[in-house]
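Observations on the model geometry
In case you want the letters, here they are:
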Amino acid sequence: MNPCVKCELFTAVFISLVCLTIQSPLIVGTTQPEYLITRDDIHAVLSKIIKPDDSIALLSDFDGTLGRICPNPVLTAIEPAAKDALEQLVKRSNIFTGIISGRPMADLRKRVGIDNCTYSGNHGMEIVFTNKTEFHYPITTEMYANCTKLKSILMAKYVTNAAPAWVEDKNISLVFHYRFVPEHLQEAMIADVSELVRKYGYNPVPAHAAIEIKPPVVWSKGHAALLILNEIYGSGWEKNIRVIYMGDDTSDEDVMEMLKGKATTFRITDNPGLETHATYRMQSVDTAVFVLDWLVNNTN
Ligand SMILES: [Mg+2]
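Treat the numbers as computed from the prediction; the structure is a model and nothing was measured.

1. Considerations on the overall build of the protein chain
- What the protein chain contains, in helices and strands, is 9 helices and 13 strands.
- Over its C-alpha trace the protein chain gives a radius of gyration of 19 Å, about what one expects of a compact globule, namely 19 Å for 300 residues.
- Across its three principal directions, the C-alpha atoms of the protein chain cover 55 × 45 × 35 Å.
- Relative to its full complement of 300 residues, the protein chain shows a buried share of 39%.
- For the protein chain, contacts bridging at least 24 residues in sequence account for 61% of all contacts bridging at least 6.

2. Here we look at the domain arrangement of the protein chain
- What the domain assignment lists for the protein chain is domain 1 (8-18 + 32-138 + 218-298) and domain 2 (141-214).
- Distance between the C-alpha centres of domain 1 and domain 2: 27 Å.
- For the side of domain 1 that touches domain 2, the residue count by class is 5 nonpolar, 6 polar and 1 charged.

3. Section: the pairing of strand β9 (residues 203-207)
- Direction of pairing for β9 relative to strand β10 (residues 210-214): antiparallel, over a ladder of 5 bridges. Each bridged residue has a counterpart across the sheet, and for Ala 207 the counterpart in β10 is Ala 210.

4. Side note on helix α8 (residues 250-258)
- Across the 9 residues that make up α8, a large majority, 7, are buried.
- Those residues of α8 that fall on the buried side of the exposure criterion are Ser 251, Asp 252, Glu 253, Asp 254, Val 255, Met 256 and Met 258.
- Among the structural elements, β9, β10, α7 (221-233), β11 (242-247) and β12 (264-268) are those in contact with the buried residues of α8.

5. Describing the environment of Gln 186
- Secondary-structure assignment places Gln 186 in helix α6 (residues 183-199).
- Judged by local crowding, Gln 186 falls into the partly exposed class, with 15 C-beta atoms found within 10 Å.
- Separated by 23 residues in sequence, Gln 186 and Ala 209 place their C-alpha atoms 9.5 Å apart.
- Non-local contacts of Gln 186, meaning those with residues more than four positions away in its chain, are made with Tyr 178 and Val 181.

6. Section: α7
- Here α7 contains 13 residues, and its C-alpha end-to-end distance of 18 Å stays within 8% of the 18 Å for a straight helix at 1.5 Å per residue.
- Of all the residues in α7, the buried ones are Lys 221, Gly 222, His 223, Ala 224, Ala 225, Leu 226, Leu 227, Ile 228 and Leu 229.
- Trailing α7 by a residue or two, Gly 234 shows a phi angle of about 80°, which is positive.

7. Observations concerning the sheet that holds strand β13 (residues 280-282)
- Overall, mixed pairing links the 9 strands, which are arranged β1-β13-β12-β11-β2-β3-β4-β5-β6 in an open sheet. Only two strands of the sheet have a single partner each, and these edge strands are β1 (35-36) and β6 (134-136).
- With 3 bridges joining them, strand β4 (residues 118-121) and strand β5 (residues 126-128) adopt antiparallel strand pairing. Bridge pairing in β5 links Tyr 119 to Val 128.

8. Overview of the environment of Ala 263
- Note on placement: Ala 263 falls in the loop between α8 and β12.
- Its 22 C-beta neighbours within 10 Å are what place Ala 263 among the buried residues.
- Along the primary structure Ala 263 and Tyr 245 are separated by 18 residues, whereas in three dimensions their C-alpha atoms are 7.3 Å apart.

9. Quick look at the packing of helix α2 (residues 39-49) against helix α9 (residues 285-298)
- The geometry of α2 relative to α9 is characterised by a closest axis approach of 9 Å and an angle of 50° between their N-to-C directions. On the basis of the axis angle, α2 is oblique to α9. Helix-helix and strand crossings are classified by hand; for α2 and α9 the assignment is right-handed. Contact residues: α2 offers Arg 39, Ile 42, His 43 and Leu 46, while α9 offers Thr 287, Phe 290, Val 291 and Trp 294.

10. Re the confidence of the model for the protein chain
- Mean pLDDT over the protein chain: 90, with 90% of residues reaching 70 or higher.
- A low-confidence stretch, residues 1-9 (pLDDT under 50), is modelled with 18 contacts involving residues beyond four sequence positions or located in other chains.
- The low-confidence segment residues 21-25 (pLDDT under 50) makes 4 contacts with residues lying over four places distant or belonging to another chain.

11. Some words on the nonpolar core
- Core analysis: the largest hydrophobic core is formed by 51 residues, its most contacted members being Leu 58, Ala 225, Ile 244, Tyr 245, Ala 288, Val 291 and Leu 292.
- For this core, the element with the highest residue contribution is α9, accounting for 7 residues.
- In this structure, Ala 288 is in contact with Thr 65, Leu 66, Ala 82, Met 246, Ile 268 and Met 282, ignoring residues within four places of it in sequence.
- Listed in part, the 20 residues of the second largest apolar core include Leu 150, Ala 165, Phe 176 and Trp 219.

The rules behind the values
- Residues numbered from 1 in each chain as written.
- Predicted model: local features only at pLDDT ≥ 70, side-chain atom pairs only at ≥ 80, totals over all residues.
- Helix = DSSP H or I, 4+ residues; strand = E, 2+ residues; numbered from the N terminus.
- Rg over C-alpha atoms; globule rule 2.2 N^0.38 Å.
- Buried ≥ 20, exposed ≤ 12 C-beta atoms within 10 Å, placed from the backbone.
- Contact = placed C-beta atoms within 7 Å.
- Domains from an automatic or database assignment.
- Nonpolar A, V, L, I, M, F, W, Y, C, P; charged D, E, K, R; others polar.
- Pairing = 2+ DSSP bridges.
- Expected span 1.5 Å × (residues − 1).
- Axes fitted to C-alpha atoms, helices over the stretch in contact; angles between N-to-C directions.
- Parallel < 35°, antiparallel > 145°, perpendicular 65-115°, else oblique.
- Left-handed = near helix turned anticlockwise from the far one by under 90°.
- pLDDT = per-residue confidence, 0-100.
- Core = buried A, V, L, I, M, F, W, Y, C linked by C-beta atoms within 7 Å.

Okay, structure coming up:
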């Protein structure tokens, strides 16, 4: 693949966004946001924020948010109720929908399977808008080479019968999965893999029974969310639209922090004590579906 920024119109926004950095770490011990579980919980929150004629940007993660986490990510599918609701929402003229995932673009689009939706893959490094314009974060040849080397080393060292880890290749990034590795081997393996990843200039990021292996760039799902909102609505969008973001993982915290004060964000977690930058925490994929259903039933 020849990395490039395909659309010049993104350049100014892109340059300003790469200058943004995450500056406020979570502060342990502070009061954490409300934990939402039921349809009534969702109704109580959204009915205070959204009026039927509001312009709404609905942004969401995929795995663990619109589809349940599976032991092998190959098995994860969009929740049928989520798909039903999204298919109705993409037809609404005052609702924009975008899905921002760690999956490669082609895989994400295939699993969601909805037209008229903006997709962003590889943690925001690839974006395809509904008008077919595309954004690709520029990756250097050296980064590609290091990614290939890392994959070979990880496969040779860890993908064995004794330690059944596996490496997912996402073209410009990797994921090291250790869900089926015996628990007593995991801690040392995580430390070893993380050190190796850093040695090749990549960043190891904890995920669900996995290590996301990301290229050394200042770009996240949060940057992608801002680029999408600026592209669709122009600067000053926060004064004119209601933005919702839902996600379940560490990488979603970047969006939750960067949209703080400008969006209503939901962190899905089964841990009601989890520290988060989100406006609200919520329990599960089912609760995320309640959000989608609420929008279907309460907006025009
Ligand atoms: Mg997720």
